[in-house]
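# Structural overview for review
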Amino acid sequence: MTTTLKVVAGLGNPGTEYECTRHNAGFWFVDELARRSGESFRSESRFNADICRVRIAGESIWLIKPMTYMNRSGGPLRQFLDYYKLPVDALLVAHDEIDLPVGDVRLKEGGGHGGHNGLRDSIACLGAGFYRLRIGVAHPGSRDEVVSYVLRKASAAEQTELDTVVDKAADVVPIMVADGFPIAMNKINRRARKKRRANTDKQDGGANNGD
């Protein structure tokens, strides 16, 4: 796969009623990249998406938010890549991930959809050869509750963690652009492992203190 990032897509649902829900974590990520560059999204009807062009690490990078609702995300991404003649492996897709705890984030190359409808449609339209930024929102505990859970707002404490991890993940994007995905992947995933170990140590310490 190429290590040259050209497009960052955020998955989410359009509309103010979904703006602050967990399922829109991908939108939050690309919004943060636009904010840092002092740029704004504009509606582009030919792609059925909001798009924005920014400069990161001296390179021109496209940001895109499909406006087709989550389960139809792939069409706008396919149209965009075809129009600009960009390869699928130049694309990073940011999305919410229930299989990671709140505040965790991972960079992944390829793979399946894991039940995520936005990824499912993106893979159907593009194939699996794109990178994913998985933003942990945690699992509600029951499979039957997943849909209602991701379409609700996080608690205030969880939202603070989510905002922090989106910010930290945005810090790594210049590394993706300048040094390539593998180096960025190692950095962001290593940070996640350190956090997980720290949380485990904290829990173990709490358990020991309670004995």
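Here is what the cut-offs are and how they apply
- Residues numbered from 1 in each chain as written.
- Predicted model: local features only at pLDDT ≥ 70, side-chain atom pairs only at ≥ 80, totals over all residues.
- Heavy atoms only, no water.
- Helix = DSSP H or I, 4+ residues; strand = E, 2+ residues; numbered from the N terminus.
- Buried < 20%, exposed > 50% of the residue type's maximum accessible area, 1.4 Å probe, protein only.
- Contact = heavy atoms within 4.5 Å.
- Areas by Shrake-Rupley, 256 points an atom, 1.4 Å probe, with all protein chains shown as cover.
- Pairing = 2+ DSSP bridges.
- Core = buried A, V, L, I, M, F, W, Y, C linked by side-chain atoms within 4.5 Å.
- Polar contact = N/O pair within 3.5 Å; in protein donor to acceptor, adjacent residues only side chain to side chain.
- Axes fitted to C-alpha atoms, helices over the stretch in contact; angles between N-to-C directions.

This part covers the overall build of the chain. Along the chain, the regular secondary structure elements total 6 helices and 7 strands. The burial tally for the chain puts 48% of its 211 residues in the buried class. Partitioning the intrachain contacts of the chain with sequence separation of at least 6 by distance along the chain shows that 68% fall at a separation of at least 24. Working note: accessible area of the chain is about 10300 Å², and carbon and sulfur atoms make up 47% of it.

Our next topic: the side chain of Thr21. Mapping Thr21 onto the fold places it in the loop between β1 (7-10) and α1 (25-37). Looking at Thr21, the relative accessible area reads 3%, which means it is buried. Look past the residues within four positions of Thr21 in its chain and what remains in contact with it is Trp28, Val150, Leu151, Arg152 and Lys153.

For a regular strand, side chains alternate in direction, first toward one face of the sheet and then toward the other. With respect to burial, strand β4 (residues 59-66) is a largely interior element, 6 of its 8 residues being buried. Sheet topology places β1 next to β4; 3 bridges connect them, and they run parallel. The partner of Val7 across the bridge, within β4, is Trp62. As paired strands, strand β3 (residues 49-56) and β4 are joined by 8 bridges and run antiparallel to one another. Each bridged residue has a counterpart across the sheet, and for Arg53 the counterpart in β4 is Trp62. Taken together, β3 and the strand that follows it, β4, pair antiparallel across an intervening segment of 2 residues, in which Ala57 is found at a positive phi of about 50°.

The biggest cluster of nonpolar side chains holds 42 residues, and the ones touching the most others in it are Val8, Phe29, Leu92, Leu107, Leu133, Ile135 and Met176. Sort the elements by how many residues they give to this core and helix α5 (residues 156-179) lands first, with 10 residues. Once you skip the residues sitting within four places of it in the chain, Leu133 turns out to touch Phe29, Leu92, Val93, Ala94, His95, Val105, Arg106, Leu107, Ala169 and Ile188. The next biggest cluster of nonpolar side chains, apart from the first, holds 20 residues, and it includes Ala9, Ile64, Leu86 and Val93.

This next bit is on the environment of Ile51. Of note, Ile51 is situated in strand β3. Take Ile51: its relative accessible area is 0%, and that puts it in the buried class. C-alpha separation for the pair Ile51 and Val8, spaced 43 residues apart in sequence, amounts to 10.0 Å. Look past the residues within four positions of Ile51 in its chain and what remains in contact with it is Ser40, Phe41, Arg42, Glu44, Trp62, Leu63, Ile64 and Phe80.

Okay, the environment of Ser40 next. Considering the arrangement of structural elements, one finds Ser40 in the loop between α1 and β2 (42-44). Not counting residues up to four positions away in its chain, the partners in contact with Ser40 are Ile51 and Cys52.

Quick look at the side chain of Glu32 now. Among the secondary structure elements, Glu32 is positioned in helix α1. Judged by relative accessible area, Glu32 falls into the buried class, the value being 13%. A distance of 2.8 Å separates polar atoms of two side chains, one belonging to Glu32 and the other to Arg36. Ignoring anything within four residues of it in the chain, the contact list for Glu32 reads Val166, Asp167 and Ala170.

This part covers the sheet that holds strand β5 (residues 91-97). Taken in spatial order, the 7 strands of this open sheet run β2-β3-β4-β1-β5-β7-β6, and their pairing is mixed. A strand with exactly one partner marks an edge of an open sheet, and here the two such strands are β2 and β6 (105-109). For this sheet the average axis-to-axis angle between neighbouring strands, irrespective of direction, equals 30°. α5 rests against β3, β4, β5, β6 and β7 (131-136) of the sheet, and its axis sits at about 160° to β7.

As far as function goes, none of this settles anything; it's purely spatial.
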